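# Geometric and topological summary
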Amino acid sequence: MKFMKLGSKPDTFQSDGNNARYVASELATDITVTVGDVKFYLHKFPLLSKSAYLQKLAASGNEENNDEIQISDIPGGPVAFEICAKFCYGMTVTLNAFNVVAARCAAEYLGMHETIEKGNLIYKIDVFLNSSIFHSWKDSIIVLQTTKSMLPLSEELKVVGLCIDAIATKACIDVSKVDWSYTYNRRKVPEENGNDLNCNGFRNRPVPKDWWVEDLCELEIDLYKRVIMNIKTKGILSHEVIGEALKAYSYRRLPGFSKGVIRSGDVIKYRSTVDAIVWLLPAEKGSVSCSFLLKLLKAAIIVDLGEMAQEQLVRRIGQQLEEASVNDLSIRAADGEDVVYDVDTVQKIVKEFLMQDQNAEFESEDNEVQEIRRPGILTDASKLMVAKLIDAYLAEIAKDPNLPLSKFVDLAELVSCISRPSHDGLYRAIDMYLKEHPGISKSERKRICKLMDCKKLSVDACMHAVQNERLPLRVVVQVLFFEQVRATASSGSSTPDLPRGLKDLNIGSHGSSRSAATHPEEDWDAVATAEELKALKGEIAALRMSNGIGGSERNGGDSRNSVDKVAISKMKGLLKSKRIFSKIWSSKGAQGENSGSDSSESLGSANPEEAKSTPSRNRRHSVS
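Residues numbered from 1 in each chain as written. Predicted model: local features only at pLDDT ≥ 70, side-chain atom pairs only at ≥ 80, totals over all residues. Heavy atoms only, no water.

An unreviewed UniProt entry annotates the protein as NPH3 domain-containing protein of Gossypium tomentosum. In its Pathway (unreviewed entry) section, the UniProt record describing the protein reads: "Protein modification; protein ubiquitination." (UniProt positions renumbered as here; feature names shortened; annotations may be inferred.)

Shown next, in the form of structure tokens:
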């Protein structure tokens, strides 16, 4: 039993150090309220006059124990009950963003309504929320965070909904009217380093449109999702700003997101966050970057988000694939697979990109399928960017020793419909694959080399190719021919047509343009040895000298055109000549198919910036 002085007015509760709270007075307490493990020694009159719940408990208790009340499930526990009890005693109650939700829910639990007494606690708290909390940007966010521990009552009392609407309304306000404190890249502000944030330099900074995105990153995903949905419903902010908000939240709340890994033990929570972000993505193209979409896709694959979400991301990525980089596309294969990269997913993305340019789409009407014609929407520039991107990606995945040739070829053939002026990138990828897979068969080597057009190789790439002992003989001969044509062609002239003999080499024909009996198909598909390369280059050099290239440069265009025709004619003869190739075939018997050294510098492993180098017959020439 506790006492208080008669006529005195208590101003706070005191503790005896044993989980007991009481009012310092000489008036004997007549009710004990136990909340959790804390006992409150109080007086019935102030409590029962404001709490309908306590009135009910006191009236229903038996006569022997009506002065002891057990409350085990009051929201906010002992702390929230103490706020309510202080209010009943007329003590000063301090409310703030951290305790107001708990106090409101506890007051609701205790039934402290206006019907019990005018100006009761529920009314006072509601006034405080509407006049203060919901007018403050940061207080609204703090209050919304605290509602999570008070569910479902905080939802029933509409505190959650009111907080969400207050936050969304402030986020959508005209930036010229934003005059409250907010967090926006504060670590980048020089004034953070010991200077006053209230100085004129900081205050005069223009308010960015996405000023609010970092503060909302404090919210858990379920509340964050509802806030963003409310913002989108208002239709005021642009889809780019909403996309920036989702990007900021992903980097903050998904550990390892930027590196395509999971650094959180809670996979279920990680999955729900990724799912919500995918679901919240604005429908407009370009609302988020392609790089961000690919990071989302990597995360979705890692947490096994589901086919529907992954297909949505693949479709979105395909619509803006030209923005991606090779690093973005480097999606790791699932654990347990032999290959390093998930090439199948990249193929799906490329197909989505190409589908944008289809000339027809279909609609069903009255159970009949009708074709609707429409022009392609892809620009030549975007196509060329994607072709170069895939060439570079092929060079990257070619380093995987377990990559099947079919995956490499299938992906390369997807973009073969895209015309590009140079095939250097494709040659670099092919060379890298040949280097990392020396054991492939002649037919496989022929198949992969047919992907590139030798006429579209630069001078430096040609010079690398004619010294590349990984290439089939037919490819080396073609490259040598076009190198000769380029050297003899007049400035600005187009590359002459491929002679029939070289065409037969390219398609594997057994036509009369060369002696099939003397030079079987398998010989053309075999890897060129060092001796063969030297012999071929020697014959080409002899052609150039015998045709007097130096003189042609002095005799004008007609003479140069004549030299071109002579060079082509002699090249045709070279292809048919048994005498010239006899030393090649004889050397093959001793050397074997893969006898050439593999020491040439691979374009696939080189820096993409092609360095210029002086050609030499006695050493390997790299354009990497």
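A few words now on the overall build of the protein. Per the secondary structure count, the protein includes 29 helices and seven strands. By residue count, 48% of the 624 residues in the protein fall in the buried class. When contacts within the protein are restricted to residue pairs at least 6 apart in sequence, those whose partners lie at least 24 apart make up 67%. Within the structure as shown, the protein displays about 30,800 Å² of accessible surface, and the carbon and sulfur contribution to it stands at 49%. (Helix = DSSP H or I, 4+ residues; strand = E, 2+ residues; numbered from the N terminus. Buried < 20%, exposed > 50% of the residue type's maximum accessible area, 1.4 Å probe, protein only. Contact = heavy atoms within 4.5 Å. Areas by Shrake-Rupley, 256 points an atom, 1.4 Å probe, with all protein chains shown as cover.)

Core analysis: the biggest nonpolar cluster contains 157 residues, and Leu 42, Trp 212 and Ile 231 have the highest contact counts within it. Sort the elements by how many residues they give to this core and helix H4 (residues 100-110) lands first, with nine residues. Excluding its chain neighbours within four sequence positions, the residues that come into contact with Leu 42 are Phe 13, Val 23, Thr 29, Asp 30, Ile 31, Val 33, Leu 47, Phe 81, Ala 85 and Tyr 89. (Core = buried A, V, L, I, M, F, W, Y, C linked by side-chain atoms within 4.5 Å.)

Here the focus is the side chain of Gln 467. Within the secondary structure layout, Gln 467 lies in the loop between helix H22 (459-465) and helix H23 (473-488). Of note is the side chain of Gln 467, whose polar atom sits 2.9 Å from the backbone oxygen of Met 463. (Polar contact = N/O pair within 3.5 Å; in protein donor to acceptor, adjacent residues only side chain to side chain.)

Bringing H4 into the picture now. Burial analysis of H4 places 10 of its 11 residues in the buried class, which makes it a mostly covered element. Directly after H4, the chain includes Gly 111, whose backbone phi takes a positive value near 70 degrees.

A word on unusual backbone geometry. With omega at 5 degrees, the peptide bond leading from Leu 151 into Pro 152 counts as cis. Relative to the assigned elements, Pro 152 resides in the loop between helix H6 (137-147) and helix H7 (153-156). The backbone of Asp 304 sits at a positive phi, close to 55 degrees, despite the residue not being glycine.

This part takes up the pairing of strand S5 (residues 68-71). The alternating pattern of S5 places Ile 69 and Ile 71 on a buried face, while none of Glu 68 and Gln 70, on the opposite face, is buried. Pairing of strand S3 (residues 31-35) with S5 involves four bridges; the strand directions are parallel. Its bridge partner being in S5, Thr 34 is matched across the sheet by Gln 70. (Pairing = 2+ DSSP bridges.)

Taken as a whole and judged by the stated rule, the model has 16 salt bridges. Arg 21 is the partner of Glu 82 in a salt bridge, and the nearest nitrogen-oxygen pair spans 3.6 Å. Of this pair, Glu 82 sits in helix H3 (residues 77-89) while Arg 21 sits in strand S2 (residues 20-23), placing them 61 residues apart in sequence. Residue Glu 82 is classed as buried on the basis of its relative accessible area of 17%. The class of Arg 21 is partly exposed, set by a relative accessible area of 23%. (Salt bridge = Lys/Arg side-chain N within 4 Å of Asp/Glu carboxyl O.)

Contact geometry for helix H19 (residues 405-414) and helix H21 (residues 442-449): axes closest at 10 Å, N-to-C directions at 20 degrees. In terms of axis orientation, H19 runs roughly parallel to H21. Between H19 and H21 lies a crossing whose hand is left-handed. The residues of H21 that touch H19, namely those facing Leu 405, Ser 406, Phe 408, Val 409 and Asp 410, are Glu 444, Arg 447 and Ile 448. (Axes fitted to C-alpha atoms, helices over the stretch in contact; angles between N-to-C directions. Parallel < 35°, antiparallel > 145°, perpendicular 65-115°, else oblique. Left-handed = near helix turned anticlockwise from the far one by under 90°.)

Let's shift gears to the confidence of the model for the protein. Averaged over all residues, the pLDDT of the protein is 77; the fraction at 70 or higher stands at 69%. Under a pLDDT of 50 for its full length, residues 359-373 has, in the predicted model, 19 contacts with residues more than four places off or in other chains. Note that pLDDT drops below 50 for residues 505-519; the model gives that stretch 34 contacts with residues more than four away or on any other chain. (pLDDT = per-residue confidence, 0-100.)

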